Amino acid sequence: MNDTALVLRQVRFTNKAFWRNPASAFFTFAFPLMFLVIFTSLLGGDVVEVAPGVVIEEDRYFVAAMGTFAVISATFTNLAIGIAFTRDAGILKRTRGTPLPAWIYVTGRVIHAVLISLVLIAITAAFGAAFYAADVPTGTNLLQFLVTIIIGATAFSALGLATTAIVPNADAAPPIVNAIILPLLFLSGIFIPLGEDAPQWLKTVGNIFPVKHFSEASMGSFYGSPLPFEWMDVLFVAAWGLVGLILAARYFSWEPRK
């Protein structure tokens with residue numbers, strides 16, 4: 001069996017394992033929609049200035065923002081926590097002892113996470129169009145949006161794998177992973193629109209990390225003009241993904257931590 005067939009088989013096995021945990025699968029899809037309803041109920045109904053002279057309704061803002069959150073949750077959060085649990089259970093160690101190449105297993109997990117991200121984006125966009133009159137990207141915007149999502153999902157998957165290196169055990173995985181990503185979600189304007197009048201230090205900190213750049217590229221490609229879309233944001237996210245890949249290749253552990 002060639003490598004492509006092995007990767008596809010691993011993706012299929014990963015998908016079966018995903019759906020055999022219906023509670024986890026349900027909340028993976030429910031969380032973005034739940035947060036979308038909550039945030040639009042509490043903070044919607046107004047406009048936010050996302051660029052100099054460019055305003056957008058907050059309801060529509062949160063549709064794109066929760067799509068970004070869905071991708072990060074399906075890749076970075078789920079992979080980092082899931083890998084930590086399978087590592088502690090000895091599954092990774094046993095997998096490493098089989099004839100299956102290690103890179104096939106990891107690639108299968110990443111591809112599955114990216115596919116789940118695309119499904120989540122489709123669901124969020126459809127929900128936003130149905131209930132918040134949010135536009136759905138078409139033409140060039142759609143192409144830019146798909147490229148942004150795929151690169152972002154792959155980059156955050158690599159960062160999730162790298163994060164497992166600092167997770168000592170499965171019990172510590174959720175608090176460590178959430179402690180990393182939750183502050184960035186706030187600092188990057190995912191949960192609360194920062195607007196142009198936000199404190200400068202918030203913008204500076206947010207610009208260092210990939211979450212804000214991923215959010216801005218996603219929103220710019222999702223809605224198009226007059227919202228700005230910059231390929232540099234996508235390249236910045238890809239660069240962080242490359243760093244995550246290098247760190248994961250160097251420090252990823254297949255055996256439970258002592």
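The preceding data block contains the structure.
Summarised in this report is the structure supplied together with it. These numbers were taken from a predicted model, which means no experiment stands behind them.

### What to know about the pairing of strand β1 (residues 47-51)
Side chains on a regular strand alternate between the two faces of the sheet. As paired strands, β1 and strand β2 (residues 54-57) are joined by four bridges and run antiparallel to one another. By the bridge assignment for β2, E49 is matched with V55.

### Examining the packing of aromatic side chains
Under the defined criterion, the tally for this structure stands at 23 aromatic pairs. Geometrically, the ring pair formed by F27 and F31 is tilted, given 5.6 Å between the ring centres and 40° between the ring planes. One end of the pair, F27, and the other, F31, are both in helix α2 (residues 22-43), four residues apart, so they sit about a helical turn from each other. Consider the rings of Y105 and W254, whose centres lie 6.0 Å apart with planes at 55°: the pair is tilted. Linking Y105 in helix α5 (residues 102-132) with W254 in the segment after α10 (231-251), this pair joins segments that are 149 residues apart in sequence. Taking relative accessible area as the criterion, Y105 reaches 7% and is therefore assigned buried. According to the relative accessible area criterion, W254 is buried, its value standing at 12%. Here the aromatic cluster, defined as three or more aromatic residues joined through ring pairs, consists of F26, F27, F31, F35, F39, Y61, F62, F69, F186 and F191. Looking at R60, its charged tip hangs above the ring of Y223, at a distance of 4.5 Å from the centre.

Analysis parameters
- Residues numbered from 1 in each chain as written.
- Predicted model: local features only at pLDDT ≥ 70, side-chain atom pairs only at ≥ 80, totals over all residues.
- Heavy atoms only, no water.
- Pairing = 2+ DSSP bridges.
- Helix = DSSP H or I, 4+ residues; strand = E, 2+ residues; numbered from the N terminus.
- Phe/Tyr/Trp six-rings, centres within 6.5 Å; stacked < 30°, edge-to-face > 60°.
- Buried < 20%, exposed > 50% of the residue type's maximum accessible area, 1.4 Å probe, protein only.
- Lys NZ or Arg CZ within 6 Å of the ring centre and 35° of its normal.

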